[in-house]
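Here's the letter readout for the chains.
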Amino acid sequence: MTVLAALALTVPLTLVPQVATAADAAPNAVVVWDLNAQTAIWDVAQQSPPQVAGRGFAMVSVAVYDAVNAIAGTPYEPYLGAPRANGRESTDAAVGTAAYRVLDALFPAQRERLRAQYREWLAAIPEGPAKHGGVRVGAQAATAMVAARQDDGAFDPRPWTVGTEPGWYRPTPPGFENTGAWVGFLKPFAIPDTTMFRTPGPPAVTSPAYARDVDEVKRLGSATSAVRTADQTEAALWWHDRRSVSWGMKRDLALTRGLGPLETARLYALADVTGADGAIACANDKEFWHSWRPITAIRSADTDGNPATAGDPGWTPLVVTPPNPDYPSGHTCRTAAQMTAYAHFFGRDDVPFGAFSPDSGTTRHFDRFSQATAEVVDARIWAGIHFRSADVDGAVLGTAVGNHITKRHFRPRR
C-alpha cells in the first residue's frame, strides 16, 4: 500500500480539462459508441480477457479521438494525424463513423448488425454539409487506424512457455488452456519497446519472501477461506468481472465529471492506449519469467524445495485461474497504467468514481485513483489467482507505462 501511495505522488499533474456546460443536453457520442464497441468486442465477439479486448478498444478510441480532435482544430497532439477539417463538421457523425468503420474492419461477422446500428445513428443527424463532413473526417481517421494495425501480431497462436521445474508455469485447471501469449508480442500503441519496463522477477521458490506469498494467498484466496471477509470476497469478484469494470469506470468518469465529446475522446484514448500497452508490456514480462500460478504452487508445495511451504493437493482458488503465467499480474499492470493516465488527465489523484459489476452484483466506489490501484493489488490475492509480488510489481510496471505515455502522447499543443 505504501509503495503504491508513493507511486501516485510521482504522477506529474496537468491543467484540469474544461467540462461541458449544462446546456449540452445531447447524449455524449463518444460514450454511446464506446458502449457500442463493448457490445461488439465483448457481448458478441466474446473477446476476453480484457488484455485481448484492449486492442479493439484502443483502436476505436484513438480513431474517434483523431476525428474529434481534428474538428475541434487539433488543440491536442493527434495520434496518427488530423484529417482535414474546418470545424463545421458534425462531431456526432464523425464519432459514429470512426467507431463503426474500425469495428466493421475488426468484426466482419457482425457486419449487418453494425451497419444497422450505424444507419440508425446517422438517421438521427440532420442532413447537410455538416453531417457529410463529419462522415468524411470519421472515415479518414478510421482508415488510418485500421491501416496502422495491419499485421500487428494479433491472435498469433503462440503458446506460453511451460516447464516442470519448481516455479515454472504450467496450464491450470479446470481447462488447462494455454492461450494469449501473443499479447506480449503485439505491436504497442505508444511505448517504443515492450521490454523496456522489465520487472525484477518473482522471488525464488526457496526464499522466505516466496513462502510468505504462498501462505497469504493460500489463506485468503481459497474458495473456502474462513478468514477472507465478505467485503474482500466482493472486491475479488468485482475486479475479476470478465466484462472488465475498467470500462465502467471510464464511462463513470466521463459522465460524472461532465466531459464533452472532445475531452471524453481524449480521456478514452489515454485510458485505452495506456491500458493496452500496459497489458502488452506485462504479457511480455509474463513470458520472460514464466512463473507458476498459486494453484500450481500450493498443490505442488511439497516438491518446491522450500521447507516453509506445505502442499495442499485439493486447494482451489475463489475464481478460475486465467490461462497465463502469474508474474506480473496483468490486471494490476493495466489498472495502474490507466489510473496513472486518469491522474494526469484530471491533474490530481483525488477524483471520486465507481462502477457496477454484474459478476458481483455490486457497485464499488473510490475516492482517488491510487485507492483503486491499491485495492486491485489485494483483490487478486483474495481471488486466489496471484501472489502479492506479482501484483505489486505489476502495479509498478503499469505506473511506469502510464507515466511514459502521458508525458509523450495526447498532450495539449503549444
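The structure this text deals with has already been given above.
The sections below set out a description of the structure shown in this document. Just so it is clear, the structure is predicted and the values come from calculations on it, not from any experiment.

## Details of the packing of helix 2 (residues 29-44) against helix 5 (residues 111-123)
- One way to put it is that helix 2 packs onto helix 5 with a least axis distance of 12 Å and a crossing angle of 170°. As the angle between them shows, helix 2 and helix 5 are arranged roughly antiparallel. In terms of crossing hand, the pair formed by helix 2 and helix 5 is right-handed. Along the contact surface, helix 2 presents A29, V32, W33, N36, T39, A40 and V44, while helix 5 presents R113, L114, Q117, Y118 and W121.
- Across the contact of helix 2 with helix 5, the residue classes break down as eight nonpolar, three polar and one charged.

## Notes on helix 13 (residues 369-382)
- Over its 14 residues, helix 13 runs 20 Å from end to end, which matches the ideal 20 Å to within 8%, given 1.5 Å per residue.
- Among the 14 residues of helix 13, 13 are classified as buried, and the element is accordingly described as predominantly covered.
- A positive backbone phi angle near 85° is found at G384, which sits one or two residues after helix 13.

## Concerning the packing of aromatic side chains
- In total, this model carries 17 aromatic pairs according to the counting rule given.
- Relative to F410, the ring of Y79 lies with its centre 5.9 Å away and its plane at 10°, an arrangement referred to as stacked. Placement of Y79 in the loop between helix 3 (50-71) and helix 4 (91-106) and of F410 in the segment after helix 14 (388-406) is noted, with a sequence separation of 331 residues between them. Each member of the pair Y79 and F410 is classed as buried.
- One aromatic cluster is present, formed by W238, W239, Y342, F345, F346, F353, F366 and F369 through successive ring pairs.
- Here the basic side chain of R158 rests over the ring of F185, its NZ or CZ set 3.8 Å away from the ring centre.
- Looking at R198, its charged tip hangs above the ring of F288, at a distance of 4.1 Å from the centre.

## Some remarks on the nonpolar core
- Grouped together as the largest cluster of nonpolar side chains are 90 residues, with contacts concentrated most on V64, W239, L267 and F369.
- Among the elements that line this core, the one with the most residues is helix 3, at 12 residues.
- Not counting the four nearest positions on each side in its chain, L267 is found in contact with K250, L253, A254, L259, Y342, F345 and F346.

## With respect to unusual backbone geometry
- A cis geometry characterises the amide bond from P173 onward to P174, with omega recorded as 10°.
- Here P174 shows up in the loop between helix 6 (129-148) and helix 7 (208-220).
- The omega torsion of the bond from Y327 to P328 falls at -10°, within 30 degrees of zero and hence cis.
- The phi angle at D151 is positive, at roughly 55°, despite the residue not being glycine.
- Here D151 lies in the loop between helix 6 and helix 7.

About the criteria used
Residues numbered from 1 in each chain as written. Predicted model: local features only at pLDDT ≥ 70, side-chain atom pairs only at ≥ 80, totals over all residues. Heavy atoms only, no water. Axes fitted to C-alpha atoms, helices over the stretch in contact; angles between N-to-C directions. Helix = DSSP H or I, 4+ residues; strand = E, 2+ residues; numbered from the N terminus. Parallel < 35°, antiparallel > 145°, perpendicular 65-115°, else oblique. Left-handed = near helix turned anticlockwise from the far one by under 90°. Contact = heavy atoms within 4.5 Å. Nonpolar A, V, L, I, M, F, W, Y, C, P; charged D, E, K, R; others polar. Expected span 1.5 Å × (residues − 1). Buried < 20%, exposed > 50% of the residue type's maximum accessible area, 1.4 Å probe, protein only. Phe/Tyr/Trp six-rings, centres within 6.5 Å; stacked < 30°, edge-to-face > 60°. Lys NZ or Arg CZ within 6 Å of the ring centre and 35° of its normal. Core = buried A, V, L, I, M, F, W, Y, C linked by side-chain atoms within 4.5 Å.

Note that all results are geometric; they support no functional claim without further evidence.
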